[in-house]
Amino acid sequence: MIQRENAPGFGIYVHWPFCAAKCPYCDFNSHVRHRPVDQQRYVAGFQREIDHFSDFTGKRDVTSIFFGGGTPSLMAPSTVAAILEAISAAWNVPDDIEITLEANPTSVEADRFRGYRAAGVNRVSLGVQALNDRDLKFLGRMHSVGEAIEAIDLARAIFPRLSFDLIYARPDQSVADWERELAQAIAYAADHLSLYQLTIEQGTPFYALHKKGKLIVPDGDQSADLYQATQELTQKHNLPAYEVSNHATPGAESRHNLTYWRYGDYVGLGAGAHGRLTGSLMDEQGKIGTANRRNPEQWLEQVESRGHGVEIEERLDMAAQADELMLMGLRLREGMDLARWHALSGRTLDADKEAFLISHGLIERLGNSRLRCTPSGMLVLDAVVADLAG
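The following paragraphs examine the structure supplied in this document. (Residues numbered from 1 in each chain as written. Predicted model: local features only at pLDDT ≥ 70, side-chain atom pairs only at ≥ 80, totals over all residues. Heavy atoms only, no water.)

1. Structural notes on the sheet that holds strand β17 (residues 370–373)
Reasoning step 1: Taken together, 3 strands build an open sheet; the order of strands is β15-β17-β16 and the sheet is antiparallel. With partners counted over all chains shown, the strands left at the sheet margins are β15 (336–337) and β16 (363–366), one partner each.
Reasoning step 2: In terms of strand pairing, β15 meets β17 through 2 bridges, oriented antiparallel. Opposite Met336, over in β17, you have Leu371 as the bridge partner. (Pairing = 2+ DSSP bridges. Helix = DSSP H or I, 4+ residues; strand = E, 2+ residues; numbered from the N terminus.)

Here's what the structure looks like:
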């Protein structure tokens, strides 16, 4: 499939909300169930919700499919295959599409991986998170470093593309510690790494510990040093950042995640999934935001009774779309499409604010067509966006 350079795309996100255990830092919509999940019933639910959204969008060309969670690698390969078949029946799915599935090293088996590959999955994202056993235990992970490396090797042998995640800025982690761990990760990586700073999210066990002073994470200066070391080492090894936390060899960027950051359309399927969609009968600038019920059983019951699990549906006016485009676009190394922002917002950037941010080395123009954050600007991205959008 030939796709126009920097085209936003049209993605399908499938949320599998179940995990074997809940990690103490995680605020994602994930749930532990101690009884087996009726996967056939959930497949039927996904099929009904796919039909609902395809009626709204029309038969568009899909550019990527992503199974996230939760832990999608707890799904049977036959479940993944059935969902992919339903997506192919509802929309146009080209042969060379990117189909990603997130997996935890503890749920990796050779036969299961081969089953996903046979179903059509061609990219795996592994939740490794750390490459030392002490910190894996601290993060609540159920796998060891040995199991993580075994999963990486298996994925590289079976799938054309591989990514894995690491979390840094952990308690007592020095720059030298992180550089050694990151160098090890780069040696295992194929063409993509997602490197996230540990954040303390409200409602998580880590949040409660942090509030009581029992969990101390690196301060702003330490975090900035760790971030800078990350950029330098990945750049040196041809895995430059193409987004704040994502690194890839040129051409190996995640197509699906680029759809989010380029502010394309995407369908959100499953409990708690979000979407941004342009309907087939809406005006050219029209877009809606959708959010599904978070509880898996309630989502499934609603799908069975109403045909979809959407709890919130919001019409986004052009000003709201312009704000979201800026928020997402400035995360990217390629920057934000200025013409598109102008068309949505109906205004030009405040010249004084732009000049101020440029003079302080926080943003820069790429010709007349794009605006992006500098490496220094990425460190204070939220403040840059708030200043420009205000």
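What follows continues from the structure just given.
2. Let's talk about the nonpolar core
Reasoning step 1: Formed by 97 residues in total, the largest nonpolar core has its most connected members in Ile12, Phe67, Trp91, Phe113, Leu126 and Leu330.
Reasoning step 2: Here this core gets 7 residues from one element, more than from any other, and that element is helix α5 (residues 145–158).
Reasoning step 3: Each residue touching Phe67, except ones within four places of it in the same chain, is listed here: Val14, Pro72, Met75, Val80, Ile83, Leu84, Ile99, Thr100, Leu101 and Glu102. (Core = buried A, V, L, I, M, F, W, Y, C linked by side-chain atoms within 4.5 Å. Buried < 20%, exposed > 50% of the residue type's maximum accessible area, 1.4 Å probe, protein only. Contact = heavy atoms within 4.5 Å.)

3. Some thoughts on the packing of α5 against helix α6 (residues 175–188)
Reasoning step 1: Between α5 and α6, the shortest axis-to-axis distance is 11 Å and the interhelical angle comes to 30 degrees. Here α5 is positioned roughly parallel relative to α6, judged by the angle of their axes. For the pair α5 and α6, the contacting residues are Ile149, Ile152 and Arg156 in the first and Gln184, Ala187 and Tyr188 in the second.
Reasoning step 2: Looking at the contact of α5 with α6 residue by residue, the class counts come to 4 nonpolar, 1 polar and 1 charged. (Axes fitted to C-alpha atoms, helices over the stretch in contact; angles between N-to-C directions. Parallel < 35°, antiparallel > 145°, perpendicular 65-115°, else oblique. Nonpolar A, V, L, I, M, F, W, Y, C, P; charged D, E, K, R; others polar.)

4. A closer look at the pattern of salt bridges
A pair can form between side chains of opposite charge whenever their charged atoms are brought close.
Reasoning step 1: The final tally for this structure, using the stated rule, is 17 salt bridges.
Reasoning step 2: The closest approach of N and O atoms between Glu297 and Arg33, which form a salt bridge, is 2.8 Å. Of this pair, Glu297 sits in helix α10 (residues 296–306) while Arg33 is found in the loop between β3 (31–32) and α1 (39–57), placing the two residues 264 residues apart along the sequence.
Reasoning step 3: Glu297 sits in the partly exposed class, given a relative accessible area of 31%.
Reasoning step 4: In this structure, Glu311 engages Arg293 in a salt bridge whose closest nitrogen and oxygen atoms are separated by 3.7 Å. Taken as a pair, Glu311 in strand β14 (residues 310–316) and Arg293 in the loop between β13 (287–292) and α10 lie far apart in primary sequence, 18 residues in all.
Reasoning step 5: You can call Glu311 partly exposed: its relative accessible area is 48%.
Reasoning step 6: When its relative accessible area of 23% is taken as the criterion, Arg293 is described as partly exposed.
Reasoning step 7: What you see here is one network of salt bridges that share partners, running through Arg134, Asp135, Arg170 and Glu181. (Salt bridge = Lys/Arg side-chain N within 4 Å of Asp/Glu carboxyl O.)

5. Remarks on the packing of aromatic side chains
Reasoning step 1: Here the structure, examined in full by the defined rule, presents 14 aromatic pairs.
Reasoning step 2: Ring centres 4.6 Å apart and planes at 70 degrees place the aromatic pair Tyr260 and Tyr266 in the edge-to-face group.
Reasoning step 3: Among the residues examined, Tyr266 registers a relative accessible area of 13% and is labelled buried.
Reasoning step 4: By the ring-pair criterion, three or more aromatic residues cluster together here, those being Trp16, Phe18, Tyr42, Phe46 and Trp299. (Phe/Tyr/Trp six-rings, centres within 6.5 Å; stacked < 30°, edge-to-face > 60°.)

6. Description of the packing of helix α2 (residues 77–90) against helix α3 (residues 110–119)
Reasoning step 1: Two numbers describe how α2 lies on α3: the axes approach to 8 Å, and their chain directions differ by 10 degrees. Comparing their axes, α3 and α2 come out roughly parallel. Considering how the two elements wind past one another, α2 and α3 form a crossing that is right-handed. Between α2, through Pro77, Val80, Ala81 and Leu84, and α3, the contact on the second element is made entirely by Arg112, Gly115, Tyr116 and Ala119.
Reasoning step 2: Here the residues of the contact of α2 with α3 are counted per class, giving 6 nonpolar, 1 polar and 1 charged. (Left-handed = near helix turned anticlockwise from the far one by under 90°.)

7. Some remarks on α5
The α-helix advances 3.6 residues per turn, and as a result positions three or four apart in sequence lie on the same side.
Reasoning step 1: Taking 1.5 Å per residue as the helical rise, α5 with its 14 residues ought to reach 20 Å, and the 20 Å between its terminal C-alpha atoms agrees with that figure.
Reasoning step 2: The set of residues buried in α5 consists of Val145, Ala148, Ile149, Ala151, Ile152, Ala155 and Ile158.
Reasoning step 3: Packing partners of the buried residues in α5 comprise α3, β6 (123–129), α4 (133–138), β7 (161–168) and α6. (Expected span 1.5 Å × (residues − 1).)

8. Focus on the pairing of strand β5 (residues 98–103)
Reasoning step 1: Counting buried residues in β5 gives 5 out of 6 residues, a clear majority hidden from the surface.
Reasoning step 2: Bridge analysis of strand β4 (residues 64–69) against β5 gives 4 bridges, and the strand direction is parallel. From the neighbouring strand, Phe66 faces β5, where its bridge partner is Thr100.
Reasoning step 3: Taken together, the 4 bridges between β5 and β6 define a ladder with parallel strand orientation. Bridging across to β6, Glu102 finds its partner in Ser125.

9. Describing the side chain of Thr57
Reasoning step 1: Here Thr57 is to be found in helix α1.
Reasoning step 2: Within the structure, Thr57 has its side chain in polar contact with the side chain of Trp91 (distance 2.8 Å). (Polar contact = N/O pair within 3.5 Å; in protein donor to acceptor, adjacent residues only side chain to side chain.)

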